[in-house]
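One-letter residues, chain by chain:
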Amino acid sequence: MLKDQLNSQRWRLTAIQKSAAGIVCCARATEGPNKLRAVIVSEAKSNSICRTTSVVPMKVEDESKTSDDIEPKPKTTSSLMAQVLDRDNLTRALKQVKRNKGAPGIDGITVDALSAYLKQYWPRIKMHLALGTYHPKPARRVEIPKPDGRKRKLGIPGVVDRLIQQAIAQVLQSTWDDSFHDHSYGFRPNKSAHQAIRHAQSTIRSGKDWVVDCDIESFFDEVNHDVLMTRLRTKVKDDDLLELIKRYLKAGVWAGGKPVRSTKGVPQGSPLSPVLSNILLNDLDWELERRGYQFARYADDFQIYVGSQEAGERLMTHLQHYLGDVLRLKVQKTKSAVDRPCKRTFLGFGFSRRGCRLKVSDNATEKLKAKVRQLSRRTRGHSMRQIMAELKKSLLGWKAYFGIAEVMSPLRDLDKWVRRKLRCYVWKQWGRSGYRQLRRRGVSRQLAWNTAKSAHGPWRLSASPALARGLPNSYFRDLGLPELCPR
């Protein structure tokens, strides 16, 4: 009976599989998720069916399995799980996954191929989600270098799991957002890093001129699953959704050619990680509020502002105990400190000693220089216009974030450095024709000759008067080079 019901539902769904958006909603075409699950569960109960452990996508030949392979679920699709599987919610999630793009997971399915994949497999995936028998695949382990020499471990889920996680994250966000603190700015609607920085600046200017800069050691890798699930249960009264989230936490990663099960942490790169970090640290926000402290938090980056060093030292001791005893997290003592705001950075910005004006941090400047060096390597063999197109994209993105800086001198120095780097790249490309190229650009014969025959290297010559005249600022401006410091 169950086999006939599933086959019948499968062929009814096939008729409306016309587009990615249609596939997302196709499981509602006839009876809706609640009624469909009720029918399946009813049949399962009457036949004493056992639980399936199949992994999606399930092949057509799997339908030949007997009804003894599926265990009944004792109730219909719960309310929050129904919101996750709602057509509008899934459509929003699909659009967001496509906007974010990103690399494929261990199954190799790309974002561009997601729509075609959903047309074929989404009805069965959705059925397993409704039955509570869906099992996520492990995330693909990727390690990227950090400025301090260590490596940040990322977990890249498959695109189907990213779609499901995004749908879950949207429901959790709407459920929890009203209970989050106003000074929690990370990954929330109508909140941004700029707002966190402006709040920190106004708090410091109000007289709280000592900062407790607390760094949580490997936050996303050290999240305790039991503590996180306990926090989730305070507002999520839905066993099916909680079980699915727990399976994602335990899904682990694929590393070294084999799956590695996770006992703690949430993978960075997962759409669920930001909202889960806010849920876990929400109690910390309200504990600080209860004690009357001013703070700004963006995900796991937060600073607390106090009026004296003694108050900051007491608070740092309390934070270490609270994070360790209540949230099972560790404070990284080498990166945490109680200090003046001008000696610390927050979200890539620092504060000037006088007037507490915003300035770009040294680390952010060095990261941009490293990116420019990478794009302008001579061995790439690209034309100046190609280099400029790639560089323009990076510089505009950097400027969009750091453009609120109020101390201009570091930005002017960066502009000069970028232009010098490009002059160096052009001089290397000219090679032996350097003299002729300079003469064509109006450089005098003697200056062009002295520059072309100089024993100095390209970087030294990039600051020479000849290249400044031959390749003026207007040359790069005409090529579309953005200027980080407004004129």
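This report concerns the structure included in the present document. No experiment lies behind these values; they were computed from the predicted model shown.

## Section: the environment of Arg99
Relative to the helices and strands, Arg99 resides in helix α5 (residues 87–100). Sequence spacing of Arg99 and Val111 is 12 residues, and the spatial spacing of their C-alpha atoms is 9.3 Å.

## Some words on the sheet that holds strand β10 (residues 349–351)
Taking strand neighbours across the sheet as the criterion, the 3 strands line up as β9-β10-β11 in an open arrangement whose pairing is antiparallel. In the strand order of this sheet, the two ends are held by β9 (345–346) and β11 (358–360), each with one partner. Here 2 bridges tie β9 to β10, and the two strands are oriented antiparallel to one another. Its bridge partner being in β10, Thr345 is matched across the sheet by Gly350.

## A few points about helix α8 (residues 193–205)
Since one α-helical turn is 3.6 residues long, residues separated by three or four positions face the same way. In this model, α8 (13 residues) spans 19 Å end to end at C-alpha, consistent with the 18 Å of a helix rising 1.5 Å per residue. Buried residues of α8: Ala193, Ala196, Ile197, His199, Ala200, Gln201, Thr203 and Ile204, and no others. As for α8, its buried residues are in contact with β6 (294–298), β7 (301–306), β9, β10, β11 and α15 (384–402). Just past α8, the residue Gly207 takes up positive phi, approximately 120 degrees.

## Quick look at the sheet that holds β7
If you trace the 4 strands from one edge of the open sheet to the other, you get β6-β7-β3-β8, paired in antiparallel fashion. Among the strands making up the open sheet, the edge pair consists of β6 and β8 (337–339). Going across the sheet, the axis of each strand differs from the next one's by a mean of 15 degrees, ignoring polarity. Strand direction decides the pairing type here: strand β3 (residues 210–215) and β8, joined by 3 bridges, are antiparallel. Residue pairing for β8: Val211 is matched across the bridge by Asp339. On top of the sheet, helix α12 (residues 273–290) reaches β6 and β7; it is set at about 175 degrees to β6, its chief contact. Strands in contact with helix α13 (residues 309–325) are β3, β7 and β8; relative to β3, the strand with the most contacts, it is inclined by about 20 degrees.

## A look at unusual backbone geometry
Positioned with a positive phi, Ala299 is a non-glycine residue whose angle comes to about 55 degrees. In this structure, Arg328 takes a positive phi of about 60 degrees despite not being glycine. Summarising the element assignment, Arg328 is placed in the loop between α13 and β8.

## Describing the packing of aromatic side chains
With the rule as written, the count across this model stands at 12 aromatic pairs. Between Tyr401 and Phe402 the ring centres are 4.8 Å apart and the planes differ by 90 degrees, which places this aromatic pair in the edge-to-face class. The exposure class of Tyr401 is partly exposed, given its relative accessible area of 25%. Among the residues examined, Phe402 registers a relative accessible area of 9% and is labelled buried. On the basis of an interplanar angle of 75 degrees and a centroid distance of 5.1 Å, the ring pair of Tyr475 and Phe476 is categorised as edge-to-face. By relative accessible area, which is 0% here, Phe476 ends up buried. Across the ring face of Trp176, the terminal group of Lys235 is positioned such that the distance to the ring centre comes to 6.0 Å.

## Notes on the pattern of salt bridges
Applying the stated rule across the entire model yields 11 salt bridges. A salt bridge links Arg477 to Glu483, with the nearest nitrogen and oxygen atoms 3.4 Å apart. Judged by relative accessible area, Arg477 falls into the partly exposed class, the value being 33%. Taken together, the salt bridges that share partners define one network made up of Glu287, Arg290 and Arg291.

What counts and what doesn't
Here the residue index of a chain counts from 1 through its sequence in written order. Under the rules for a predicted model, residues below a pLDDT of 70 receive no local features and side-chain atom pairs below 80 are neither given nor counted, while totals for whole chains, interfaces and linings still include all residues. Calculation of side-chain values draws on the structure's entire complement of heavy atoms; hydrogens and water are dropped beforehand. Secondary structure elements follow DSSP: runs of H or I of four or more residues count as helices, runs of E of two or more count as strands, with numbering from the N terminus. At least two bridges found by DSSP between two strands are what make those strands a pair. The length a helix should cover is 1.5 Å for every residue beyond the first. The rule is simple: take the accessible area with a 1.4 Å probe, protein chains only, and divide by the maximum for that residue type; under 20% is buried, over 50% is exposed, in between is partly exposed. Working rule for contacts: check all heavy atoms of both residues, and any pair within 4.5 Å makes them a contact. Axis geometry follows a simple rule: fit a line to the C-alpha atoms, using only the stretch in contact for helices, then measure angles between N-to-C directions, giving values from 0 to 180 degrees. When the centres of two rings from Phe, Tyr and Trp lie within 6.5 Å, Trp using its six-membered ring, the rings pair. Their planes under 30 degrees apart give stacked, over 60 give edge-to-face, and anything left gives tilted. Whether a charge lies above a ring is judged from NZ of Lys or CZ of Arg, which has to be within 6 Å of the ring centre and within 35 degrees of the ring normal. Between Lys or Arg on one side and Asp or Glu on the other, a salt bridge is scored when a side-chain nitrogen of the former is within 4 Å of a carboxyl oxygen of the latter.

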